[in-house]
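Results of the structural survey
Spelled out from the first residue to the last, the chains are:
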Amino acid sequence: MYIYLPYIIMGAVIALFWLAERRNPDAVTRFEENVLAVLLALITIVSFTQVVARYGFNSGWTGALEFTRILFAWMILFGMSYGLKQGMHLGVDALLRLFPKPVFRFFAIFGAVCAFLYAAILIESAWLGIFGANTSGGAMVYWAKFFQIGIGLDDLRYPEWMQETFGLKERVQRWIAYLILPIGLGLFGFRALQAMVAIWRGDRELIIAGHEAEDLVAENRNVLKD
């Protein structure tokens, strides 16, 4: 049963995002931005207080480095789906824009397909066997093994009151920290599919922001004149 648990989690999160966006897409965007802001704020606060404690009071929190490393991983894996949704990932589109519109659209959709395949391979690579590739494993298998074993993190520990009140083990389980794997990769694949459909319908050009600099120049062309 534990093997299917990450897929259940991933599917539930994607379904919640999909349903919420149908009702209030702006609220979902604000939620994503707030999550990323909180993660970044926590990283900054923990790092700052750790420096002050170490150099000012010769003390500190032994789990600070591991905690900030986990937060950074959460920010990356959650943020990459938000970046794809907003078209913030950098890319080069100068050559693509030389092609006729149908060809340009084909390559734009192809880029979205590649993004989806990237997520699918990271989630579970065993399906590549249909192409003759000898691969196995992936983020889901990786997470499920840690969930089954229940091994703890190196330095991150529960407070003593939580251990006594809830009967928890001393160290925080790795599967909790790595929960972002099914969530982040699932959302990234979901956003890639959304981009694919949007490009097909003509609501979006690309999944990248390769022409970002050109747009900024055009927007500020007359700034110096003013």
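Things to note about the overall build of the protein
A count of helical and extended segments in the protein gives nine helices and two strands. Reading the helices (α) and strands (β) of the protein from amino to carboxyl end gives α-α-α-α-α-β-α-β-α-α-α. Against the 2.2 N^0.38 benchmark of 17 Å for 226 residues, the protein shows a C-alpha radius of gyration of 22 Å, more extended than a compact globule. The buried share of the protein, taken over its 226 residues, is 36%. Once local pairs closer than 6 in sequence are excluded, the contacts in the protein between residues at least 24 apart make up 67%. Split by element, the accessible area of the protein, about 14,500 Å² in all, is 66% carbon and sulfur. Across the protein, the mean location of the 19 positive side-chain charges is 5 Å away from that of the 19 negative side-chain charges.

Quick notes on the packing of helix H1 (residues 5-23) against helix H2 (residues 25-57)
Remark: H1 packs on H2, axes separated minimally by 5 Å, with the N-to-C direction vectors making an angle of 130°. In terms of orientation, H1 and H2 fall into the oblique class. Counted together, Phe 17, Ala 20, Glu 21 and Arg 23 of H1 and Pro 25, Val 28, Phe 31 and Glu 32 of H2 form the full contact between these two elements. Among the residues forming the contact of H1 with H2, the class breakdown is five nonpolar, no polar and three charged.

Focus on the environment of Thr 165
Following the sequence through the fold, Thr 165 ends up in helix H6 (residues 160-166). Residue Thr 165 is classed as exposed on the basis of its relative accessible area, which comes to 54%. Here the alpha-carbon distance between Thr 165 and Arg 69, two residues 96 residues apart in the chain, equals 28 Å.

Description of the packing of aromatic side chains
Per the counting criterion, the structure on display carries twelve aromatic pairs. Arranged with centres 5.4 Å apart and planes meeting at 75°, the rings of Phe 106 and Phe 107 form a pair that is edge-to-face. A relative accessible area of 53% places Phe 106 in the exposed class. Aromatic side chains Tyr 142 and Phe 146 sit 4.8 Å apart centroid to centroid with 85° between the ring planes, which places their arrangement in the edge-to-face category. One end of the pair is Tyr 142 and the other is Phe 146, both in helix H5 (residues 139-149) and four residues apart, which spans about a single turn. Exposure remark for Tyr 142: the relative accessible area of 41% places this residue in the partly exposed category. Residue Phe 146 is classed as buried on the basis of its relative accessible area, which comes to 16%. Grouped by ring-pair contacts, the aromatic residues Phe 99, Phe 106 and Phe 107 constitute a single cluster. Positioned above the aromatic ring of Trp 200 is the side chain of Arg 105, whose terminal nitrogen or guanidinium carbon lies 5.2 Å from the ring centre.

Here is what the cut-offs are and how they apply
- Residues numbered from 1 in each chain as written.
- Predicted model: local features only at pLDDT ≥ 70, side-chain atom pairs only at ≥ 80, totals over all residues.
- Heavy atoms only, no water.
- Helix = DSSP H or I, 4+ residues; strand = E, 2+ residues; numbered from the N terminus.
- Rg over C-alpha atoms; globule rule 2.2 N^0.38 Å.
- Buried < 20%, exposed > 50% of the residue type's maximum accessible area, 1.4 Å probe, protein only.
- Contact = heavy atoms within 4.5 Å.
- Areas by Shrake-Rupley, 256 points an atom, 1.4 Å probe, with all protein chains shown as cover.
- Lys, Arg positive; Asp, Glu negative; His and termini not counted.
- Charge placed at Lys NZ, Arg CZ, Asp CG, Glu CD.
- Axes fitted to C-alpha atoms, helices over the stretch in contact; angles between N-to-C directions.
- Parallel < 35°, antiparallel > 145°, perpendicular 65-115°, else oblique.
- Nonpolar A, V, L, I, M, F, W, Y, C, P; charged D, E, K, R; others polar.
- Phe/Tyr/Trp six-rings, centres within 6.5 Å; stacked < 30°, edge-to-face > 60°.
- Lys NZ or Arg CZ within 6 Å of the ring centre and 35° of its normal.

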